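Observations on chain architecture
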Amino acid sequence: MVEYILGNYLVETGKITKDQLCEVIAKQDSVRVKLGLIAVSEGMMTTRQAEEVNLLQAVKDKRFGDIAIEEGYLNEEQVEKLLKKQGNAYLMFVQNLVDAELVAMEDVDWLLDDFKKVNNYSNSDLEDIKSDDVDRILPLLLPEEAQSYATAIGTVVRTIIRLVDRHAYIGRAAMVDSFPSEGVAIQKMEGTDGVVDCFAERNGALLKLCSIFGQEAFSRLDLDALDAAGELLNCANGMFVSELSRQGKFLELMPPEYAGVDNVSDVCRIPIFIGNLGLYYAIGKLK
């Protein structure tokens, strides 16, 4: 998620192109973050020290961490911590940008500062985004009136990331006047404080979601395609209501529907993106 949040900022500000962003993200799954980049990012080493160790690696048959310990830049405990961070999505993205010579390592800090200013984010907010943790990022994108939906929305987003596209990401949510009614997969969760949610098409991502999750190349959003979206919604909402039941709150999960509902209030709509395509997820209170 972080790769698209920061990547789209770079595209919008003209630092890179859409094609370059796609190429960088395509490498994301295969790139292992270098310890030097992590060490610099964590403030354990300077850029100069990391570059020096990289040069020494060209003449020594030793790992980065072993050389850094020999040179007195790191200790064994620090190397162990860095090794655990090698799967960090934010650092993988930055490394890909640097390796592709799209961004210089020394420019990363000021780019992040500009990103914060443009979005009115604090240092803490930026750390939440860099964490690539849905539960930490989501509150930054929800209006105050929708914070009570965060658990349900987070469950849906994580399910999409896990079952459809690991690079799926979310945009800024908004409170809207009506619940989506066309080309939708809807599910009611009835009971005290009951809610209803849905997937709705935006510009192609819902059809893509249906095809990936349903393992069938759907050409249009007919009932067969929407049934796949309904099953995915049912999967996510099943986990959500199960978690509520462990907290002593009970909602009954109804079968997915494919026609609009009218008895909904306090609707929150959030865009979810799969690649460059978007869909809407909406949730509201059952009257």
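Above this note sits the structure.
Description of the structure in this document. Keep in mind the model is a prediction, meaning the values are calculated, not measured.

To continue, consider the pairing of strand 7 (residues 277–286). The buried fraction of strand 7 amounts to 8 of the 10 residues, a majority that puts the element mostly inside the structure. Across 7 bridges, the pairing between strand 4 (residues 195–201) and strand 7 is antiparallel. Bridging across to strand 7, Cys198 finds its partner in Ala282. Summarising the sheet, strand 6 (residues 264–274) and strand 7 pair through 9 bridges and their orientation is antiparallel. Bridged to Ile272 within strand 7 is Leu279. Between strand 6 and strand 7, which pair antiparallel and follow one another directly, the connecting turn spans 2 residues, one of which, Gly275, has a positive phi of 65 degrees.

Taken as a whole, helix 10 (residues 134–141) has its buried residues at Val134, Ile137, Leu138, Leu140 and Leu141. In an axial view of helix 10, the angular spread of the buried residues amounts to 160 degrees, which keeps them on one side of the axis. Its buried side turned inward, helix 10 meets helix 1 (2–12), helix 9 (123–130), helix 11 (150–163), strand 1 (169–170) and strand 6. For helix 10, the N-terminal cap is Asp133; the gap from its side-chain oxygen to the backbone nitrogen of Asp135 is 2.9 Å.

Let us look at the packing of helix 12 (residues 205–214) against helix 13 (residues 223–246). The N-to-C vectors of helix 12 and helix 13 enclose an angle of 75 degrees; their axes lie 8 Å apart at closest approach. Taken together, helix 12 and helix 13 sit at an angle that is classed as roughly perpendicular. On helix 13, the residues that touch Leu206, Leu209, Cys210, Phe213 and Gly214 of helix 12 are Ala225, Leu226, Ala228, Ala229, Glu231 and Leu232. Residue composition of the contact of helix 12 with helix 13, by class: 9 nonpolar, 1 polar and 1 charged.

Remark: helix 1 packs on helix 7 (residues 89–99), axes separated minimally by 9 Å, with the N-to-C direction vectors making an angle of 40 degrees. Classified by the interaxial angle, the pair formed by helix 1 and helix 7 is oblique. Touching Val2, Glu3, Leu6, Gly7 and Leu10 of helix 1 are Ala89, Tyr90, Phe93 and Leu97, all from helix 7. Taken together, the residues of the contact of helix 1 with helix 7 break down into 7 nonpolar, 1 polar and 1 charged.

Pairing between side chains becomes possible if they bear opposite charge and their charged atoms approach one another. Overall, the coordinates contain 11 salt bridges when judged by the stated rule. Residues Glu52 and Arg48 are paired through a salt bridge, measuring 3.2 Å at the closest nitrogen-oxygen approach. Remark: Arg48 and Glu52 occur in helix 4 (residues 47–57); sequence separation between them is 4 residues, near one turn of the helix. The exposed category is assigned to Arg48, whose relative accessible area is 51%. Among the salt bridges present, the one from Asp128 reaches Arg136, with a minimum N-O distance of 2.8 Å. Taking the relative accessible area as the measure of exposure, Asp128 reaches 15% and is therefore buried.

All right, on to the packing of aromatic side chains then. Under the counting rule described, the total for this entry stands at 5 aromatic pairs. The interplanar angle of 70 degrees and the centroid separation of 5.4 Å between the aromatic rings of Tyr9 and Phe115 together place this pair among those described as edge-to-face. Of this pair, Tyr9 sits in helix 1 while Phe115 sits in helix 8 (residues 108–119), placing them 106 residues apart in sequence. We classify Phe115 as buried; its relative accessible area is 2%. Residues Tyr169 and Phe273 carry aromatic rings whose centres are separated by 4.9 Å and whose planes lie at 20 degrees to one another, so their mutual orientation is stacked.

Definitions and limits used
Residues numbered from 1 in each chain as written. Predicted model: local features only at pLDDT ≥ 70, side-chain atom pairs only at ≥ 80, totals over all residues. Heavy atoms only, no water. Buried < 20%, exposed > 50% of the residue type's maximum accessible area, 1.4 Å probe, protein only. Helix = DSSP H or I, 4+ residues; strand = E, 2+ residues; numbered from the N terminus. Pairing = 2+ DSSP bridges. Arc of directions from axis to C-beta. Contact = heavy atoms within 4.5 Å. Polar contact = N/O pair within 3.5 Å; in protein donor to acceptor, adjacent residues only side chain to side chain. Axes fitted to C-alpha atoms, helices over the stretch in contact; angles between N-to-C directions. Parallel < 35°, antiparallel > 145°, perpendicular 65-115°, else oblique. Nonpolar A, V, L, I, M, F, W, Y, C, P; charged D, E, K, R; others polar. Salt bridge = Lys/Arg side-chain N within 4 Å of Asp/Glu carboxyl O. Phe/Tyr/Trp six-rings, centres within 6.5 Å; stacked < 30°, edge-to-face > 60°.

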